Structure formats: structure tokens, C-alpha cells
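Commentary on secondary and tertiary structure
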Amino acid sequence: MKKIDRIPDTGQQWYKDAKYGLFIHWGLYAILAGEYKGQKTDHISEWIMNTLNIPVEEYEKLAGEFCSQQFCADELVRMAKESWGMKYIVFTSKHHEGFAMYHSKCSPYNVVDATPCGRDILKELADACHKYGMKLGLYYSQAQDWHEPDGYMANTMMENEKPPVDNDAKDFQRYLDNKVKPQLKELLTGYGEISLIWFDTPMGMTREQSMECISLVKSLQPDCIISGRIGNQLGDYMTTGDNFIPRLPFDGDWELPATLNDTWGYNKDDNNWKEPEQIIRTLVKICSRGGNYLLNVGPRADGSIPEKSVEILNTVGQYLHENGEGIYGTQKLGIYPYELDWGEFTGKPHRMFIHVFKPCKGLGMMNLSANVKKAYLLRDGSELAYKVEETCEGDSMVTVELPQELRRQAYYCVCLETEEEWPVFEPLRG
Ligand code: JFZ
């Protein structure tokens, strides 16, 4: 597919400043937790219906078992805000399986009408988000719907033998008119402010069909942001491949959706958790390149959050608690010309934030040209000595000196106040 050159812009300051959000993948797939009739899936668990080729009539029965007794929206949102430092939440209102996690009036295949618990999960989550001032976005699978005969189904990643699905033979427009548009209308009129719709896997959608979804969303909530995966390059921001980090700063709004292990939906056998330090480094890296990090949890069927996820997010949250000034509302700087294995930079006008990931003797930054007014440790404001010099070769060089105890530490942030609005990284020359 040819990409059109356009700088994506949400026009929403809250989104540009947010930097860090919580993705929640929760649906019927959580009941299977990666295993169906003794067969385990190696693929992401929310795809199990497709991957293991489970018939619709069989999969549907899962709804009769869905019980969300451990789910507490209020606690989850408060934790995301206060302990984890997240600024927005994106919740799966309907994933590819086709099951609505809210009380839909246009499809009985939903969490209120088809399950014994009968709770409108989205209503509870939306109320909690509005109470805590948390921005709420909704994931909505607009193209793939494995429950509807006219919804698309991807032919990739199948672990079981199965004849390929002929998506061209489907009346996709009928599905769009009869399910997608009525459900989007419900979502955008029944749950208060919705700040973002996270469309996904557009597959064969035409430009007109993508536009129909966008126009509907904007007509109901003009400030609602459209994710990059609406298709046909019509999104308000760029969505990267899952867990793929752009190597360079990217102009325009963008977001990286990512997992803590190797699945979005809950999988009881996936224990390949990332270290909190890796999450912190990735978050800072994303900020240094101008993007947002949307990090996922996959609740169990009963609504509880895997303890390991909570533990990792709590640790990352501590970094944000101490160093959030160097994350939220920051912007990317120019391209620093040297490989940096010990840290990353983010910026605000007249302030450059140096996030340090390794024990260092001092922080030497060659080819950084700035009139430094002050250097201090962000977490407590203690001042640090620094030198601004020119090397014998005529390159500029700023060095922040570190007291003994700091030399042994890692995962802290130093702020440099500069006379210039933005520091200049001088390019390398011969
Ligand atoms: C999609 C979904 O299929 C998946 O279940 C999950 O919801 C994830 C967040 O999004 O998967 C994708 C979609 C696009 C890419 C990768 C995974 N991509 O462009 O690299």
C-alpha cells in the first residue's frame, strides 16, 4: 500500500500531552484464556475463535459462562490514574469476535442480554472515567466481525486446517449499515464523552466506507479522535505496528499499542512478561520521538487483572510519580547525533530532560549546544554542577557532574534549564 505524505494531527492537546494510556482487551476470549478443548493457541488469545476455527454456534455459548464478579471499574480507573500514571483508557467495546461489552440494542450478542451477570461493563467504566477525569476511548472492530456472516474474517494465522474465507463474496456494506453504524451511534450517544475511537484491521474497506464511519463519529462527538487503523490513511494520528517503535522522531501525532507479555486478551499460559525497566525505557523512547504509549492489560474472565501486570505497572508508575514532569506534555527534540546507551532526552520550552538508565560517572553530551542556566535532579530538585565547554576539536560539550551516590543509581531524570527555548544538537562534521 502506498502511504500518503501527510502530518497526522488530532488537534487535541490532551492527546498530545497524555503520553501514556491503558489499553484493556476484555471479551469472551478471556474465558478460554488461550485454550479450547485441550488445544492451546500460540497466537494472541483474543484471536482464538479464528485461529482454532471455532464454529460461531460453539463460540457463542461462552456468553452463558461470562461472569464479571471481580471487575471493579472504579478501582481499575483509580489505579490507572493514581498508581500507574495513565492519562487515558481504551477499552474493547467490540473486538473481532463480535461480542459487545456494553448493552447494545441492535445486537443481542452483548454483555447484558447474553450473559448471566447482565452488567453493562462499559457503563460502569465510563462512569468511573468521568468521575476521575480519565479520558475514555473505545476500541471498535469495524471490519472484522467473526460472528456476522457479512463481517470480514482474516485468513492469516490459522493453526487449524480450514478453507480460506472468501471476503469478497460478503455484503460488507450491509454489515456496516446494520451493525457497525448503529453500534457506533449507541456508543457515542449513550456513554457521555468518548474521546477516541480505536478502529482496527480495516482490511478491504474502501475509502468511502472509512469515511462513513469517520463522519458518523464526528457528527456525534466532533472532538472524538479517530485511530490510525480506520484505513485508507484517514486516521487523526499514526498507529505503529504493535510493539514496533519508530527508530526516528516522527512528525505529527502517533501512538504505539503494546503488550506486557505476548498477548492482548488474557492467556493463562503466557508468562513472558517484560521487565518494568524495559517498559520505562520504551516509554521514554516513545516520548523522545514524539509519540504516546498505549499499554495493555488483559483481564481474566472474572474481571480481575493478572497480578504480574499490576506489579509491573506499579513499578513504572513510581518512575512517573517522581519524573512525570519529564514525560507528560513533553515534546521530541532534534536528533542527537550519537548513539546513547545510557539514556534518552525529552523536552519542554527552556527545559531538557535527561532520563538516565544506567549508572554513569557523569553525563557528557557532545555536540549539544545550549546555554545552561541550571541542572537539577528532577525527583527532589537538588542542584547538580555542570560544565559547558568546547572540545579541542571545536565541538560543544555539556557535562553534568554527578555526586557519588547518584553514580551508582539508574532510572532517574536530570533537568537542564537552558536560555534557548530548544537546545541545538550539532550535526557531525568532518
Ligand atoms: C490488532 C488486533 O487484531 C489484535 O487482536 C489487537 O487488538 C491489536 C491491538 O490490534 O492486531 C494488529 C493490527 C495491526 C498490526 C498488528 C496487529 N500492525 O499494523 O502491525
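As the structure is a computational prediction, the values presented were derived from the model and not from experiment. (Residues numbered from 1 in each chain as written. Predicted model: local features only at pLDDT ≥ 70, side-chain atom pairs only at ≥ 80, totals over all residues. Heavy atoms only, no water.)

**Thoughts on the sheet that holds strand β16 (residues 386–390)**
Sheet strands line up and pair through hydrogen bonds in the backbone, either parallel or antiparallel. An order of β13-β17-β16 is seen for the three strands of this open sheet, with the pairing classed as antiparallel. One side of each edge strand has no neighbouring strand; the edge strands of this open sheet are β13 (362–366) and β16. Strand-to-strand twist in this sheet, taken as the mean axis angle between neighbours without regard to direction, amounts to 15°. Bridge count for β16 against strand β17 (residues 396–401) is five bridges, and the pairing is antiparallel. Bridge pairing links E389 to M397 in β17. (Pairing = 2+ DSSP bridges. Helix = DSSP H or I, 4+ residues; strand = E, 2+ residues; numbered from the N terminus. Axes fitted to C-alpha atoms, helices over the stretch in contact; angles between N-to-C directions.)

**Considerations on the state of the cysteines**
Counted under the stated rule, the structure contains one disulfide. There is a disulfide in this structure between C67 and C117, and the S-S distance comes to 2.5 Å. Given an S-S torsion of about 80°, the disulfide between C67 and C117 has right-handed geometry. One end of the pair, C67, is in the loop between α4 (56–60) and α5 (73–83); the other, C117, is in the loop between β4 (88–94) and α6 (121–132), with 50 residues separating them in the sequence. Accessibility expressed as a relative area gives 27% for C67, which makes it partly exposed. (Disulfide = S-S within 2.5 Å. Buried < 20%, exposed > 50% of the residue type's maximum accessible area, 1.4 Å probe, protein only.)

**Some points on the pairing of strand β18 (residues 412–418)**
For β18, the buried fraction is high: six of the seven residues fall into the buried class. Relative to β18, strand β12 (residues 351–356) runs antiparallel, the two being bridged by six bridges. Across the sheet, the residue bridging to M352 is L416, located in β18. Looking at chain direction, strand β15 (residues 372–377) and β18 are connected through five bridges and run antiparallel. Looking at β18, one finds that A375 is bridged to L416.

**Concerning unusual backbone geometry**
In this structure, A33 is a non-glycine residue whose phi angle is positive, near 50°. Assignment of secondary structure puts A33 in the loop between α2 (29–32) and β2 (35–36). Classification of A33 by relative accessible area gives buried; the value is 6%.

**What to know about the site of the ligand**
Neighbouring the ligand are 14 residues; H25, E46, H96, D200 and D242 lie closest to it. Measuring from an oxygen atom of the ligand, one finds a side-chain N or O atom of E46 at 2.5 Å. One of the side-chain N or O atoms of H96 is found 2.8 Å from an oxygen atom in the ligand. Burial of the ligand by the surrounding chains reaches 75%, relative to a free accessible area of 450 Å². Its residues assigned to classes, the shell around the ligand comprises five nonpolar, five polar and four charged. (Near = heavy atom within 4 Å. Polar contact = N/O pair within 3.5 Å; in protein donor to acceptor, adjacent residues only side chain to side chain. Areas by Shrake-Rupley, 256 points an atom, 1.4 Å probe, with all protein chains shown as cover. Nonpolar A, V, L, I, M, F, W, Y, C, P; charged D, E, K, R; others polar.)

**Some thoughts on the packing of α5 against α6**
Contact pair α5 / α6: the axes reach a minimum separation of 8 Å and the direction vectors enclose 40°. Relative to α6, the element α5 is oriented oblique. Remark: the crossing between α5 and α6 carries right-handed chirality. The segment α5 lies against α6, with A73, D74, V77, R78 and K81 engaging E124, L125, A128, C129, K131 and Y132. Taken together, the residues of the contact of α5 with α6 sort by class into six nonpolar, no polar and five charged. (Parallel < 35°, antiparallel > 145°, perpendicular 65-115°, else oblique. Left-handed = near helix turned anticlockwise from the far one by under 90°. Contact = heavy atoms within 4.5 Å.)

**Some thoughts on the packing of helix α7 (residues 172–190) against helix α8 (residues 207–220)**
The relative placement of two packed helices comes down to the angle between their axes together with the axis-to-axis distance. Contact geometry for α7 and α8: axes closest at 10 Å, N-to-C directions at 20°. The angle between α7 and α8 falls in the class roughly parallel. α7 and α8 meet at a crossing whose hand is right-handed. Residues F172, Q173, L176, D177, V180, K181, L184, K185, L188 and T189 of α7 lie in contact with α8, whose contacting residues are Q209, E212, C213, L216, V217 and L220. Tallied by class, residues from the contact of α7 with α8 come to nine nonpolar, three polar and four charged.

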